[in-house]
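Geometric and topological summary
Residue-level listing of the chains:
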Amino acid sequence: MALSLMEGNEAVAWGAFDAGCRFFAGYPITPATTIYNTMLSLLPPAGGVVMQGEDEIASLGYCLGASMAGAKVMTATSGPGISLYSEHISFAIASEIPVVIIDVQRLGPSTGYATKGADGDIQFLRWGNTGGCTGIVLSPVDVADCYTLTIQAFNLAEVYRCPVFVASSKEIGMTRESVDLAALERPALRERALQPEGQAYMPFRPAPGTEVPYFAPIGGEVISRQTSSMHGENGYMTPVPGEIQALVERLDRKLIDEVDKFSFYELYEEEGSETLLITYGVTSRAAKEACREMTAAGRPTSLLVLKTLWPVPQGLIKNLAAGYQQIAVVEANLGQYVREIRRILPDKPVEFFGVMDGKLISPAEIKEALHG
Amino acid sequence: MADTLLNHERPPIFCPGCSHDQVLRSLDKAFLNMGLAGNEICMVSDIGCSGFFDVFFHTHAMHGVHGRALTYAAGIKMVQPDLNVVVTMGDGGLGIGGAHVIAACRRNLDLTLLVLNNYNFGMTGGQYSVSTPQEAQVGSGFLNRLDKPLDLASLATATGAPYVCRCSTYQKDLTDILEEAIAYEGFSVVDIHGICPGRYTKLNKLTPQSIADSLEAQEPICGPVAANQREEYRSAYMREIAALAEPPRPREVEARLTPPSQGRQEVSILGAAGGRVITAGELLALAGMSAGLFATQKNEYNVTVLRGPSIADLILAPEPIDYNGSVNPSVVVALSDEGVERRQGIFAQLDAEALILAAPGVELPPSQAQVRTMDLKAMGIKKADWATASLAFMAQMNLVLTPEMLMSALEQRFKGKTLQAVKDMLGKVRVEEG
């Protein structure tokens, strides 16, 4: 085994590069800037494009144009930039434009503290768009996940034609660690389904047997029509209630009904445990230690680490939680994802522990919260 | 060859007398004169009446959010360089998208921007825009009397657009102007003044003649701007990247050395910005990895570049590391008061086995740890090198790392003259007995 020293942000960039991303646009912001730096060293020598937006709105706008022209695209920012991305996130959801968005979260609210971490954007990433339809949010735990989940993010963006977020944090993105690159999981690459030749193109009609339309690049032979307006299958604006409802339901359904296919997680079950601890992100690392120590001390505690946060992997969580008396949720915020856990497990007591003070939640704090 | 690129599925629906309708037909003529097919053109538009242009043409189309059309256009053009990308926006989009207009002028990507300038927000009730004259009666009460109108041609010229034209919808040569603007290899800006009968001329007298008179009263501008001629952006981008060498894949560290002690080691380096603390942390991580240890390095610093604390928390361990908040360092390197102050909480937890390596004069909170002073200044080492030098100090004591591990880290991190300079600097480090 040979190890490499890498921070999470570099691993995101390598994941994107290996996924075939050849277009990146971003605006400098701590703690995400090193993704931009790394993309700038990787893409141009490979003939790819890196652009520095005049602001975050432009960065994502460049990506949406490039994606519609057929490129695999990515941008990266932190919470204050996600705020500015909002109108283009809505566009990408409504108009089914594949894009990977990395949120290296920093301590909020507002501009917060640039060099401290938190998981404060988790509900924002789900609901920070007009209309309330969903995208996909993946959550890495460490540098290895930054690589693998970024590749997964590209695959999902391509297959489902939607924005896919990787909810990293300062504590993963800017933390260096040794990683065994040869052992990393490299998912097989997937590409968007292209309009078959010789058929009339309906830009928003789902391809047969799927909920996702074929893609025809702007600039290709077939004329491709894209719009942020409420549209029918033909890509023209529509006032027809039935067409509108069909579109918005499909936008949600194409992801929510398929989430079992991309519910990434780690499970550490301990025999005799009555409690299932659920967490995600960098907090999972403390939770792993806490559960190991509690189990060793005769209080076995099982752990579920969620790596797909949105759409909520309801089937997975319900299924795995079934055998437990109680659930505990730990997250680096004041209680965001616990709302989903309580919603889908109404019959179980769900305890919550969360801190958002700029420090990592420690194993000792988790043990204290669970057992006093 | 078709006799029009207008979209028979969606005929134009502008208000009777709207200047947009005339621009639309001139643009169609320009496309036909140039011999372009629908799939060789992309119309990019935003919100407002000008935002219908993409629908009324049978071409590639992207219609998006208010003021952002230039951003999509740039992404499209960088990926599909052969496409003729034409952006339409109104004076509303010009205002809300001002930053994008300036960026596009500075960048000089081969796009054509047509601003359909009718001095107000037509769709929403005739509110004032960035180009509304101060004397006009519009839907914003007295507010437009307070703001000076923007002249796009002056803005575009000042910010680097190489082709700028201020013109009227009603000029006989509008089609020629549009053709020239589209054919121009670089960013071209055409500010096309016209009448909004739905809103603006209900309260204001405006005719093709009065527009012509007002344009004539200004310094005319229509064509290439001599001072702004330069290489087109994408072509310049491709030239820049042609010579770039591919970056190497991430380096792998061969584990061939033996660490001085078994078990997990945690080290906190407490320094100040500018003290190369993060680099020292990286060296320590690489040193550990050269002895087969797993490593994490968690840094803490302020956003200020050369002020404030700079801290690196390292963990080296024979097993993979989960939680990496450094809780119990065996060695604390105390190089500056700022760093120590930020981590003052850890000192009370240090046990008698722990060691603090302190620069002279650094104020240490009470602890049970042993303290050794490193007078690196007296050894002729500059302050910016103290963090790195402290690793040599530790290596000479066989603490956490060995001299061989440090040398391996240096050789991975530095090359050539820099490597020699660091080695020379570290050669000055002497650990005195005691």
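Residues numbered from 1 in each chain as written. Chains lettered and ligands numbered in written order. Predicted model: local features only at pLDDT ≥ 70, side-chain atom pairs only at ≥ 80, totals over all residues. Heavy atoms only, no water.

A closer look at the overall build of chain B
Scanning chain B from terminus to terminus reveals 15 helices and 15 strands. Rg of the C-alpha trace for chain B: 33 Å, well past the compact-globule value of 22 Å for 434 residues, more than 25% over. Across its three principal directions, the C-alpha atoms of chain B cover 95 × 50 × 40 Å. Buried residues in chain B amount to 56% of all 434 residues. Counted over contacts in chain B with a minimum sequence separation of 6, partners at least 24 positions apart contribute 68%. As displayed, chain B offers around 18700 Å² of accessible surface, 53% of which is attributable to carbon and sulfur atoms. (Helix = DSSP H or I, 4+ residues; strand = E, 2+ residues; numbered from the N terminus. Rg over C-alpha atoms; globule rule 2.2 N^0.38 Å. Buried < 20%, exposed > 50% of the residue type's maximum accessible area, 1.4 Å probe, protein only. Contact = heavy atoms within 4.5 Å. Areas by Shrake-Rupley, 256 points an atom, 1.4 Å probe, with all protein chains shown as cover.)

What to know about the overall build of chain A
Within chain A, the secondary structure is distributed over twelve helices and 15 strands. Relative to the 2.2 N^0.38 estimate, which gives 21 Å for 372 residues, the radius of gyration of chain A is 21 Å and therefore close to what a compact globule would have. If you line up chain A on its principal axes, its C-alpha atoms span 65 × 45 × 40 Å. Taken across its 372 residues, chain A has 63% of its residues classed as buried.

So, the layout of surface pockets
It is a probe the size of a water molecule, rolled over the atoms, that shows where empty space is left. Estimates place the volume of the largest pocket at around 810 Å³. As for the largest pocket, its lining consists of 25 residues, of which A:Leu5, A:Glu10, A:Arg176, B:Arg251 and B:Glu282 are closest to the centre. Of all elements in the fold, only strand S1 (4–7), helix H1 (8–18) and helix H2 (33–42) of chain A together with helix H11 (277–290), strand S11 (294–301) and helix H14 (403–413) of chain B reach the threshold of two or more residues within the lining of the largest pocket. In terms of residue class, the lining of the largest pocket is made up of twelve nonpolar, five polar and eight charged. Put simply, the second largest pocket is a space of about 580 Å³. In terms of lining residues, the second largest pocket is bounded by 29 residues, among which A:Asp142, A:Ala144, A:Asp145, A:Val179 and A:Leu184 are the most central. Residue assignment for the lining of the second largest pocket shows that the elements contributing at least two residues are helix H6 (143–160), strand S8 (176–179), strand S10 (265–268) and helix H9 (283–296) of chain A together with S11 of chain B. Take the lining of the second largest pocket: its biggest share by element is six residues, from H6(A). Counting contributing residues per domain, the lining of the second largest pocket is built from domain 1 (1–262) and domain 2 (265–371) of chain A, each supplying no fewer than three. (1 Å grid on protein atoms, 1.4 Å probe; cavity = no way out; pocket = protein on both sides within 12 Å on 5 of 7 lines; lining within 4 Å. Points joined across faces, edges and corners; volume = space filled by probe spheres on them. Nonpolar A, V, L, I, M, F, W, Y, C, P; charged D, E, K, R; others polar. Domains from an automatic or database assignment.)

Concerning the interface of chain A and chain B
Contacts between chain A and chain B engage 73 residues on the former and 67 residues on the latter. On inspection of chain A and its partner chain B, the count reaches eight salt bridges. Of the charged contacts in the structure, one is a salt bridge between B:Glu300 and A:Lys116, with a shortest N-O distance of 3.2 Å. Summed over the shared surface of chain A and chain B, the number is 36 residue pairs in polar contact (both at pLDDT 80 or more). For the side of chain A that touches chain B, the leading source of residues is helix H3 (residues 56–68) of chain A, giving eight residues. For the side of chain A that touches chain B, the per-class residue count stands at 37 nonpolar, 20 polar and 16 charged. (Salt bridge = Lys/Arg side-chain N within 4 Å of Asp/Glu carboxyl O. Polar contact = N/O pair within 3.5 Å; in protein donor to acceptor, adjacent residues only side chain to side chain.)

Concerning empty space enclosed by the protein
In the structure shown here, the tally under the stated rule is four cavities of 30 Å³ or more. Surrounding the largest cavity, 15 residues form its lining, A:Gly117, A:Ala118, A:Ala332, A:Lys359 and A:Leu360 being those nearest its centre. The residue makeup of the lining of the largest cavity, split by class, is seven nonpolar, four polar and four charged. Estimates place the volume of the second largest cavity at around 50 Å³. When contributions to the lining of the second largest cavity are tallied by element, the ones reaching two or more residues are helix H3 (69–79) and helix H5 (98–107) of chain B. Residue composition of the lining of the second largest cavity, by class: seven nonpolar, two polar and two charged.

Things to note about the sheet that holds strand S3 (residues 84–90) of chain B
Pairing is mixed across the open sheet formed by eight strands, whose spatial order is S9(A)-S2(B)-S1(B)-S3(B)-S4(B)-S8(B)-S7(B)-S9(B). Unpaired on one side and paired on the other, strand S9 (225–227) of chain A together with strand S9 (222–224) of chain B mark the two borders of the sheet. For this sheet, the mean angle separating the axes of adjacent strands, direction not counted, is 15°. Across six bridges, strand S4 (residues 112–117) of chain B lies against strand S8 (residues 188–193) of chain B in parallel orientation. Note on S8(B): the bridge partner recorded for B:Thr112 is B:Ser188. (Pairing = 2+ DSSP bridges. Axes fitted to C-alpha atoms, helices over the stretch in contact; angles between N-to-C directions.)

Things to note about the state of the cysteines
All names here are of chain B. Evaluation of the coordinates by the stated rule reveals one disulfide over all chains. For Cys165, the disulfide goes to Cys222, at an S-S distance of 2.2 Å. On the sign convention where negative is left-handed, the bridge of Cys165 and Cys222, at about -85° about the S-S bond, is left-handed. Taken as a pair, Cys165 in strand S7 (residues 163–168) and Cys222 in strand S9 lie far apart in primary sequence, 57 residues in all. Looking at Cys165, the relative accessible area reads 0%, which means it is buried. Taking relative accessible area as the criterion, Cys222 reaches 44% and is therefore assigned partly exposed. Cys15 takes part in no disulfide bond, and the closest cysteine sulfur to it belongs to Cys18, at a distance of 6.0 Å. Cys18 supplies the cysteine sulfur nearest to Cys196, a cysteine that is in no disulfide, at a spacing of 6.5 Å. A relative accessible area of 8% means that Cys196 is categorised as buried. (Disulfide = S-S within 2.5 Å.)

Notes on the packing of H1(A) against H2(A)
All names here are of chain A. Running from N to C, H1 and H2 point in directions that differ by 40°, and their axes come no closer than 8 Å. Between H1 and H2, the interaxial angle falls into the category oblique. Of the two elements, H1 crosses H2, and the hand of that crossing is right-handed. Taking contact as the criterion, the partners of Asn9, Glu10, Val12, Ala13, Trp14, Ala16 and Phe17 in H1 are, on H2, Thr34, Ile35, Thr38, Met39 and Leu42. Looking at the contact of H1 with H2 residue by residue, the class counts come to eight nonpolar, three polar and one charged. (Parallel < 35°, antiparallel > 145°, perpendicular 65-115°, else oblique. Left-handed = near helix turned anticlockwise from the far one by under 90°.)

Some words on the pattern of salt bridges
Going through the model one piece at a time under the given rule, you end up with 34 salt bridges over all chains. In this structure, A:Arg343 and A:Glu340 form a salt bridge, with 2.8 Å as the shortest nitrogen-oxygen distance. Pair noted here: A:Arg343 and A:Glu340 are both in helix H11 (residues 338–344), with a separation of three residues, about one helical turn. A:Glu340 sits in the buried class, given a relative accessible area of 8%. A salt bridge links B:Arg413 to B:Glu282; its shortest N-O distance comes to 2.9 Å. Of this pair, B:Arg413 sits in helix H14 while B:Glu282 is found in helix H11, placing the two residues 131 residues apart along the sequence.

Some details on the environment of A:Ile366
Within the fold, A:Ile366 resides in helix H12 (residues 363–371). Taking C-alpha positions, A:Ile366 is 22 Å from A:Thr175, a pair spaced 191 residues apart along the chain.

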